[in-house]
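What follows is the residue order along each chain.
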Amino acid sequence: MYSTARASGRSDTNRAFVYEVVGLSQTNTDKLDYPIRRSGTIYLTVPYGRMNQEMRRINRLGGKIVSIKPASAYTKKEAQNNRPLQQQPTKNNPHKSMAHAATQEIPVNIYRPKDPFVGKCLSNTELVGEGGIGTVRHLIFDLSGGNLRYLEGQSIGIVPPGTDKAGKSHKLRLYSIASTRHGDNLDDQTVSLCVRKLEYNHPETGELIEGVCSSYLCRLEAGADVAITGPVGKEMLLPEDPNANIVMMATGTGIAPFRAYLWRFFKEKHEDYQFKGFAWLIFGIPTSANILYREELEALQAQYPDHFRLTNAISREQKNAEGGKMYIQHRVAEHADELWQLVQKENTHVYICGLKGMEGGINDALTAAAAKEGGDWSAYVKQMKQQERWHVEVY
Ligand SMILES: Cc1cc2nc3c(=O)[nH]c(=O)nc-3n(C[C@H](O)[C@H](O)[C@H](O)COP(=O)(O)OP(=O)(O)OC[C@H]3O[C@@H](n4cnc5c(N)ncnc54)[C@H](O)[C@@H]3O)c2cc1C
């Protein structure tokens, strides 16, 4: 069993230290995402395990550390004042406002591959049930002491350790973020991923090949360091409108951004953002044991039947109308008339995430429904794209 508290050390305030830093310009302070005070001083709370890394970073940005004190020496109020800007409930604070993806600042590339953020793995748990196919893991990384922040629908890069066949450092791989901006622990200090271990047989030799980064992540132990870049991506951000209808179509790990959306809509409580629209998740997976986050999704459906609908397409267990395997496009075809009515509402957004190629079948299914009413689906999709209501991220 992994111990989250032990791995992170976060609950042990004696293991965090507060750096008093001077000499940083406002521009550089922005990079640290801490408010600069009138005195020109900033205070950074740094976990023990990240002290050297943060010192080097401050040096690089031209800052000077004038004192280091254990975080436990600070009162709760002082500690709160030392939290990054993004966590402070100000008028323009995205945490206290709603999903202002369009109007709020969208964080991008805070960390780049040459200087990634080194986070810690807090937990790594299997998501595929008994009898399911393959390995998919839910990973939570500790971001404390860093500056990485993100919005629902964005991705982060992971740089696997080691070198490729040419002896060069591995390139980063992108992964959709599966948590809300507040993280699974609701403390704004973590980011979660949903990672499938890539395994295939070499087409010529038949040898079993394991994907470099996905295998590394799926085996990552709690407490291990992980090099993180980003965040990136603007395609899958949520609309501002809390009354919007959100149609989500996922295959496999394509569920990741939708988990973040649904947690934001239904699991978190925000003072001034309450989702009042209709969210519909159509989820394609091979077996029922592969329904990732199943318990939580079903609980949401039971709790919010008027606002959330879950429709699974389980290819190896269910049959489509022609007696073949039930893939996501067959479910979309079954509900095509209803979906066509829904997407014609100006406040409906469609998000597609998962396997490359899935969009084709979905388009085919909706073409017929639109045509029944004299509609031209391909023209309509173009219009939806222009209106930023049709969002696709496939890989
Ligand atoms: C925006 C975005 C978001 C993503 N989000 C996620 C996510 O949330 N979860 C997730 O698990 N992944 C996600 N991915 C995919 C992820 O980035 C990696 O591509 C994936 O984990 C494989 O990386 P790897 O290093 O394990 O494989 P690699 O070692 O890089 O191997 C991949 C290569 O293997 C070869 N290959 C793969 N399958 C076969 C096959 N059947 N036959 C022959 N050759 C093959 C191909 O050449 C392929 O390029 C995302 C990708 C993008 C672009």
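Residues numbered from 1 in each chain as written. Predicted model: local features only at pLDDT ≥ 70, side-chain atom pairs only at ≥ 80, totals over all residues.

Observations regarding helix α5 (residues 212-219)
Counting along an α-helix, one turn takes 3.6 residues, and residues three or four places apart therefore face a common direction.
Point 1. Taken as a whole, α5 has its buried residues at C213, S214, Y216, L217 and C218.
Point 2. Check the buried side of α5 and you find it contacts β5 (136-142), β6 (155-159), β7 (173-176) and β8 (190-196). (Buried ≥ 20, exposed ≤ 12 C-beta atoms within 10 Å, placed from the backbone. Helix = DSSP H or I, 4+ residues; strand = E, 2+ residues; numbered from the N terminus. Contact = placed C-beta atoms within 7 Å.)

Considerations on the nonpolar core
The tendency in soluble globular proteins is for nonpolar side chains to be buried as a group.
Point 1. In this structure, F141, I158, C194, M248, M249, V332 and L366 are the most contacted members of the largest nonpolar core, which totals 84 residues.
Point 2. Among the elements that take part in this core, helix α6 (residues 255-267) stands out by supplying 8 residues, more than any other.
Point 3. Residues from two domains meet in this core; each of domain 2 (117-232) and domain 3 (245-394) gives at least three. (Core = buried A, V, L, I, M, F, W, Y, C linked by C-beta atoms within 7 Å. Domains from an automatic or database assignment.)

Quick word on the site of the ligand
Point 1. Around the ligand, 20 residues are found, and the nearest of them are Y200, G211, C213, S214 and Y395.
Point 2. Elements with a minimum of two residues in the shell around the ligand: β7, β8 and α5.
Point 3. Of the residues contributing to the shell around the ligand, the split by class is 11 nonpolar, 6 polar and 3 charged.
Point 4. Three or more residues apiece are contributed to the shell around the ligand by two domains, here domain 2 (117-232) and domain 3 (245-394). (Near = placed C-beta within 6 Å. Nonpolar A, V, L, I, M, F, W, Y, C, P; charged D, E, K, R; others polar.)

Structural notes on the environment of E221
Point 1. One can find E221 in the loop between α5 and β11 (225-232).
Point 2. Look at E221 and you get exposed, because 10 C-beta atoms sit within 10 Å.
Point 3. Distance from E221 to L122, taken between C-alpha atoms, is 8.2 Å for residues 99 residues apart in sequence.
Point 4. When neighbours within four sequence positions are excluded, E221 is seen to be in contact with C121 and N124.

Some remarks on the sheet that holds β7
Point 1. Ordered in space as β7-β6-β11-β4-β5-β8, the 6 strands form an open sheet in which the pairing is antiparallel. In the strand order of this sheet, the two ends are held by β7 and β8, each with one partner. Sheet twist, expressed as the mean angle between neighbouring strand axes with direction ignored, is 40°.
Point 2. Here strand β4 (residues 117-126) pairs with β11 via 4 bridges, running antiparallel. Note on β11: the bridge partner recorded for G119 is V226.
Point 3. In the packing of α6 onto the sheet, contacts are made with β7 and β8, and the angle to β8 comes to roughly 145°. (Pairing = 2+ DSSP bridges. Axes fitted to C-alpha atoms, helices over the stretch in contact; angles between N-to-C directions.)

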